[in-house]
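Here are the chains, one letter per residue:
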Amino acid sequence: MPSGHVYVRHLAPETGPAPRRLPDPRPKGRPADSQVWWPPAMLEADWVREHDFDLLHLHFGFDARSPEQLTELVRALRETGRPLVQTVHDLRNPHHEDRTLHDAQLDVLVPAADELVTLTRGAAAEIERRWGRTATVVPHPHVVDLRTMAVAQDARARRRTDAFRVGLHVKSLRAGMAPMTILPALVETIAALPGAVLQVDAHHDVMDDDGARRDDRLATYLRGLERDGLVDLRVHDYFSDAELWAYLSSLDVSVLPYRFGTHSGWLEACRDLGTTVVAPTCGYYADQGPVLSYVHAEESYDADTLAQAVRTAYETRPRLGASIDERRRQRAEVAAAHDRVYAAALEKAGRRCTSA
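Quantities reported herein were computed from a predicted structural model and do not represent experimental measurements.

K.L.:
Outline the environment of Leu248, supporting the account with residue identities and numerical values.
P.N.:
Topologically, Leu248 is positioned in helix α10 (residues 241-249). For Leu248, a relative accessible area of 0% gives the class buried. Separated by 99 residues in sequence, Leu248 and Met149 place their C-alpha atoms 11 Å apart. Once residues within four sequence positions are removed from consideration, Leu248 is found in contact with Arg156, Ser254, Trp266, Ala269, Cys270, Leu273 and Thr275.

As structure tokens, then:
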């Protein structure tokens, strides 16, 4: 849950037999063009009791459920003899300024899960510290489809220019982002690098006067930088997947402006497309794959480390992405690892898999 998410789709092998993941049910009353799995009907205790399946593998969406509702979900799974597999993507929810609710939700799910999965060794160590549970570490699969990866990587290899484009995308300013903290160092550093450009992207809801998430301080600052010719400012709505892949492919470097978080699908998409990632030291981003790190967390920030990471990227033009062959091998390993996790969970619950 949710089966339609790109992460979940890429847990299956490219070819051959695989677990049958049920399609996400459309919540009652949701229009046809809405996000199909939100709010997640599969996390309702009544849905669990009324439908036939072997196990529930939970990834995302439980932030819409209270700890009490999640306790009822676990109770329904126990009553019907279905195991729970939990992939711990976020140990600190990037959308929540206050971590209390997310911690309470994890305090229900992590102890109750028959099997736990997480993406990095650092996250597994934190799970062990906080709950005394052992999580199977399975790397994040590719995000970008393999054909698009091949086209993008070929185009990058054919480039014949010394231009250097650094991207900072503030999107709709989720709680874990701190662009105003890092922008001064980025502007100063990139202005001193011949041929370098700082591109800042933001959504209309942050930049427009009547935007639902309008941030006066950031919008005024960015417009001033634009007037002074210090940033290439792009204001637009949400990118489609194709637009996002084209955007990331156009960059040499993508800077993650996070002050808290755990893992990043954005980072994995950059690796797929050959874009170097400059990542903060909060969370476990550097455990996911090779990045250039800078010191940034809720209680710490070091502008010099950010400047040095950008200069290193400029001077060395590192190749930190993942090849097609690497992603193919990884996807097969990820699929096999999940088969083992599912078998272990079903054995604990005393069940046999009834569907292929």
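K.L.:
Please set out the pairing of strand β3 (residues 115-118) residue by residue, giving values where relevant.
P.N.:
On β3, burial covers both faces: Glu115 and Val117 on one face and Leu116 and Thr118 on the other are all buried. A crossover connection joins strand β2 (residues 84-88) to the parallel β3 through helix α4 (residues 100-112); in handedness this β-α-β unit is right-handed. Pairing of β3 with strand β4 (residues 136-137) involves two bridges; the strand directions are parallel. Opposite Thr118, over in β4, you have Val137 as the bridge partner.

K.L.:
Run through the packing of aromatic side chains, naming residues and quoting values.
P.N.:
Taken as a whole and judged by the stated rule, the model has five aromatic pairs. Seen from their ring centres, Tyr258 and Tyr285 are 5.7 Å apart, and the 50° between their planes marks the pair as tilted. Taken as a pair, Tyr258 in the loop between β8 (253-255) and α11 (265-273) and Tyr285 in helix α12 (residues 285-288) lie far apart in primary sequence, 27 residues in all. Residue Tyr258 is classed as buried on the basis of its relative accessible area, which comes to 2%. Owing to a relative accessible area of 2%, Tyr285 belongs among the buried residues under this scheme. A network of ring pairs unites the aromatic residues Phe239, Tyr247 and Trp266 as a single cluster. Across the ring face of Phe53, the terminal group of Arg82 is positioned such that the distance to the ring centre comes to 4.0 Å. Here the basic side chain of Arg92 rests over the ring of Phe260, its NZ or CZ set 3.7 Å away from the ring centre.

K.L.:
Tell me about the sheet that holds β4, residues and numbers included.
P.N.:
Sheet architecture is open: four strands sit in the order β1-β2-β3-β4, paired in parallel fashion. Each edge of the sheet is formed by a strand with only one pairing partner; in this case those strands are β1 (56-58) and β4. With respect to the sheet, α4 is in contact with β1, β2 and β3, its orientation differing from that of β2 by roughly 125°. Along the sheet, helix α5 (residues 121-131) makes contact with β2, β3 and β4, crossing β3 at roughly 140°.

K.L.:
Explain the pattern of salt bridges residue by residue, including any values.
P.N.:
Tallied over the entire structure, the rule returns 22 salt bridges. A salt bridge links Asp154 to Arg158; the shortest N-O distance between them is 2.8 Å. Among the salt bridges present, the one from Arg159 reaches Asp252, with a minimum N-O distance of 3.8 Å. With Arg159 in the loop between α6 (146-157) and β5 (164-169) and Asp252 in the loop between α10 and β8, this pair connects stretches of sequence that are 93 residues apart.

K.L.:
Residue-level account of the packing of α6 against helix α14 (residues 324-348), with values.
P.N.:
Between two packed helices, what matters for the description is the angle formed by their axes and the separation of those axes. It is at 10 Å that the axes of α6 and α14 come closest, and there the two elements cross at 160°. Here α6 lies roughly antiparallel to α14, going by the angle between them. In the crossing of α6 with α14, the sense of the turn from one axis to the other is right-handed. Judged by residue contacts, Leu146, Met149, Ala150 and Gln153 of α6 engage Ile324, Arg327 and Arg328 from α14. Within the contact of α6 with α14, the residues separate by chemical class into four nonpolar, one polar and two charged.

K.L.:
Could you give an account of the sheet that holds strand β7 (residues 232-236), with specific residues and numbers?
P.N.:
Strand order in this open sheet of six strands is β7-β6-β5-β8-β9-β10, and the pairing throughout is parallel. Every other strand in the sheet has two partners, leaving β7 and β10 (292-294) as the edge strands with one partner each. Adjacent strand axes in the sheet meet at a mean angle of 25° when their direction is disregarded. Bridge analysis of β5 against strand β6 (residues 196-203) gives six bridges, and the strand direction is parallel. Across the sheet, the residue bridging to His169 is Asp201, located in β6. Against the sheet, helix α7 (residues 179-191) makes contact with β5, β6, β8 and β10, and its axis sits at roughly 155° relative to β6, the strand it touches most. Packed on one face of the sheet, α10 meets β5, β6 and β8 and runs near 135° to β5.

K.L.:
Requested: an account of unusual backbone geometry, with residues and values cited.
P.N.:
Following Met1, the chain continues into Pro2 via a peptide bond in cis, with omega recorded as 0°. Tracing the sequence through the fold places Pro2 in the segment before α1 (6-9). In this structure, Lys171 takes a positive phi of about 50° despite not being glycine. One can find Lys171 in the loop between β5 and α7. With relative accessibility at 19%, the residue Lys171 sits in the buried group. In this model, Arg317 sits at a positive phi of 45°, which is unusual for a non-glycine residue. Structurally, the position occupied by Arg317 is in the loop between α13 (303-316) and α14.

K.L.:
Which residues make up α14, and what values do they have?
P.N.:
An α-helical turn contains 3.6 residues, so a residue and the one three or four places further along point in the same direction. Given a rise of 1.5 Å per residue, 25 residues ought to cover 36 Å, and the 36 Å separating the end C-alpha atoms of α14 matches this to within 8%. Residues of α14 that are buried include every one of Ile324, Arg327, Gln330, Arg331, Val334, Ala335, Ala337, His338, Val341, Tyr342, Ala345 and Leu346, and no others. Gly350 occupies a position one or two residues after α14 and carries a positive phi of about 70°.

Conventions adopted
- Residues numbered from 1 in each chain as written.
- Predicted model: local features only at pLDDT ≥ 70, side-chain atom pairs only at ≥ 80, totals over all residues.
- Heavy atoms only, no water.
- Helix = DSSP H or I, 4+ residues; strand = E, 2+ residues; numbered from the N terminus.
- Buried < 20%, exposed > 50% of the residue type's maximum accessible area, 1.4 Å probe, protein only.
- Contact = heavy atoms within 4.5 Å.
- Right-handed = clockwise from strand over helix to strand, strands pointing away.
- Pairing = 2+ DSSP bridges.
- Phe/Tyr/Trp six-rings, centres within 6.5 Å; stacked < 30°, edge-to-face > 60°.
- Lys NZ or Arg CZ within 6 Å of the ring centre and 35° of its normal.
- Axes fitted to C-alpha atoms, helices over the stretch in contact; angles between N-to-C directions.
- Salt bridge = Lys/Arg side-chain N within 4 Å of Asp/Glu carboxyl O.
- Parallel < 35°, antiparallel > 145°, perpendicular 65-115°, else oblique.
- Left-handed = near helix turned anticlockwise from the far one by under 90°.
- Nonpolar A, V, L, I, M, F, W, Y, C, P; charged D, E, K, R; others polar.
- Expected span 1.5 Å × (residues − 1).

Coordinates in, geometry out; function isn't part of it.
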